[in-house]
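Per-entry structural report
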Amino acid sequence: MINNFVFDLGNVLVDYNPMRCILGYTHNISDANYIASEIFASPEWVELDKGTLDYERALEIWSSRIPERLIADVRTIIENFHKHLPEKKEMTEIVRRLKKAGKKVYILTNVSERFPLMSEGLEVVRSIDGYVASYQEKVVKPSPEIYTRLFARFDIKPEECIFIDDNSDNVLTAKKFGMAGYVFDGDANKLEETFEALGFFGDADKNNIETENENA
């Protein structure tokens, strides 16, 4: 029986869209694409999520290799990025329904030390039973270690969990532990319909589910 619902954060519970933030501070499309590639797709961005690099050092590294004229814009973008992660209200409603049905809800996310700042205004984070954040663990998904820490920290059994993530590799690792998996494609209505069909909102639970995507 599935009693524990484990959600990714970016592009599942919140809308992760670097270009939206970048274009809030520069209107030059060419510069915006460059910043998206050089900053948000950089190895340093992964290290920030791992908690093995802080933002000041990352800015020093980035400043050494990007045009000088962009350094001030990049600093402004990075300092304000956490403000540009709006909550997906449909997903918050799904979490609310799960909690009302007596389910436990957790977040397992690759995220930087800015997580406390970005989560301040998020209703969904206040609703959950706990989270495991990569920057605290010094390991990122899909590394198996971060999953085992989730199970141990909250004393939950993998076979009683379903993991919802937009990255199929992350879901595949979860499934290797015996978790059910759902690769989220951005369609909250489809996810809600799947959960309703499986009885997760209060109807009789259905066992032996296989939800990787196919998606049920």
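Worth saying up front: this structure is predicted, and the values here are computed from it rather than measured.

1. Let's talk about the sheet that holds strand S5 (residues 180-183)
- Spatial strand order, S3-S2-S1-S4-S5: five strands in an open sheet with parallel pairing. Two strands in the sheet have a free side with no partner beyond their single neighbour: strand S3 (130-133) and S5. Across this sheet, the average inter-strand angle for adjacent strands is 20 degrees, counted without regard to direction.
- Both strand S1 (residues 4-7) and strand S4 (residues 161-165) contribute to a ladder of four bridges, which runs parallel. For Phe-7, the partnering residue across the bridge sits in S4 and is Ile-164.

2. Concerning the layout of surface pockets
- Roughly 560 Å³ of volume is contained in the largest pocket.
- Around the largest pocket, the lining comprises 27 residues; the ones closest to its centre are Gly-10, Tyr-16, Trp-45, Asp-49 and Asn-110.
- If you tally residues by element for the lining of the largest pocket, the top one is helix H3 (residues 43-50), at three residues.
- For the lining of the largest pocket, the class distribution of residues is 13 nonpolar, eight polar and six charged.

3. Brief notes about the side chain of Lys-88
- Secondary-structure assignment places Lys-88 in the loop between helix H5 (68-80) and helix H6 (89-100).
- An unpaired buried charge is present at Lys-88: no salt bridge exists, and Asp-15, the closest side chain of opposite charge, is 4.6 Å distant.
- In this structure Lys-88 touches Asn-11, Val-12, Leu-13, Val-14 and Asp-15, once residues within four positions along its chain are discounted.

4. Considering the environment of Glu-123
- When you line up the elements, Glu-123 lands in helix H8 (residues 123-127).
- Residue Glu-123 is classed as partly exposed on the basis of its relative accessible area of 36%.
- Considered as a pair, Glu-123 and Tyr-16 are 107 residues apart in the sequence and their alpha carbons are 16 Å apart.
- Residues contacting Glu-123, with those up to four places away along its chain left out, are Glu-87 and Thr-92.

5. Re the environment of Glu-90
- Within the element layout of this structure, Glu-90 appears in helix H6.
- C-alpha of Glu-90 to C-alpha of Asn-189: the two residues are 99 residues apart in sequence and 7.8 Å apart in space.

6. Quick word on H6
- Over its twelve residues, H6 extends 16 Å from the first C-alpha to the last, a length consistent with the 16 Å expected when each residue adds 1.5 Å.
- Contacts from the buried residues of H6 go to S1, strand S2 (104-109), H8 and helix H12 (188-197).
- A positive phi of about 85 degrees marks Gly-102, the residue just after H6.

7. Considering the packing of aromatic side chains
- Tallied over the full model, the rule gives 14 aromatic pairs.
- Here Trp-45 and Phe-81 contribute two aromatic rings whose centre-to-centre distance is 5.7 Å and whose plane-to-plane angle is 85 degrees, an arrangement assigned as edge-to-face. Here the residue Trp-45 occupies a position in helix H3, and Phe-81 occupies one in the loop between H5 and H6, the gap between them amounting to 36 residues. Phe-81 carries the same exposure label as Trp-45, and that label is buried.
- Taken together, the aromatic side chains of Tyr-16, Phe-40, Trp-45, Trp-62 and Phe-81 make up a single cluster linked through ring pairs.

8. What to know about the confidence of the model for the protein chain
- Confidence in the prediction for the protein chain averages 93 pLDDT; 94% of positions are at 70 or higher.
- Contacts of residues 204-209 to residues separated by more than four positions or lying in other chains number 16 contacts, the stretch itself having pLDDT below 50.

9. Some thoughts on the pattern of salt bridges
- With the rule as written, the count across this model stands at 20 salt bridges.
- Here Arg-97 makes a salt bridge to Glu-196, at a shortest N to O gap of 2.8 Å. Linking Arg-97 in helix H6 with Glu-196 in helix H12, this pair joins segments that are 99 residues apart in sequence.
- The structure contains a network of salt bridges with shared partners spanning Glu-137, Glu-145, Arg-149 and Arg-153.

10. Considering unusual backbone geometry
- At the junction of Lys-141 and Pro-142, the peptide bond is cis and its omega measures out at 10 degrees in the coordinates.
- Inspection of the secondary structure assignment puts Pro-142 in the loop between helix H9 (134-137) and helix H10 (144-154).
- With a phi close to 60 degrees, Lys-138 is a non-glycine residue in the positive phi region.
- Note that Lys-138 resides in the loop between H9 and H10.
- Classification of Lys-138 as partly exposed rests on a relative accessible area of 45%.

Reading the values: the criteria
- Residues numbered from 1 in each chain as written.
- Predicted model: local features only at pLDDT ≥ 70, side-chain atom pairs only at ≥ 80, totals over all residues.
- Heavy atoms only, no water.
- Pairing = 2+ DSSP bridges.
- Helix = DSSP H or I, 4+ residues; strand = E, 2+ residues; numbered from the N terminus.
- Axes fitted to C-alpha atoms, helices over the stretch in contact; angles between N-to-C directions.
- 1 Å grid on protein atoms, 1.4 Å probe; cavity = no way out; pocket = protein on both sides within 12 Å on 5 of 7 lines; lining within 4 Å.
- Points joined across faces, edges and corners; volume = space filled by probe spheres on them.
- Nonpolar A, V, L, I, M, F, W, Y, C, P; charged D, E, K, R; others polar.
- Buried < 20%, exposed > 50% of the residue type's maximum accessible area, 1.4 Å probe, protein only.
- Lys, Arg positive; Asp, Glu negative; His and termini not counted.
- Salt bridge = Lys/Arg side-chain N within 4 Å of Asp/Glu carboxyl O.
- Contact = heavy atoms within 4.5 Å.
- Expected span 1.5 Å × (residues − 1).
- Phe/Tyr/Trp six-rings, centres within 6.5 Å; stacked < 30°, edge-to-face > 60°.
- pLDDT = per-residue confidence, 0-100.

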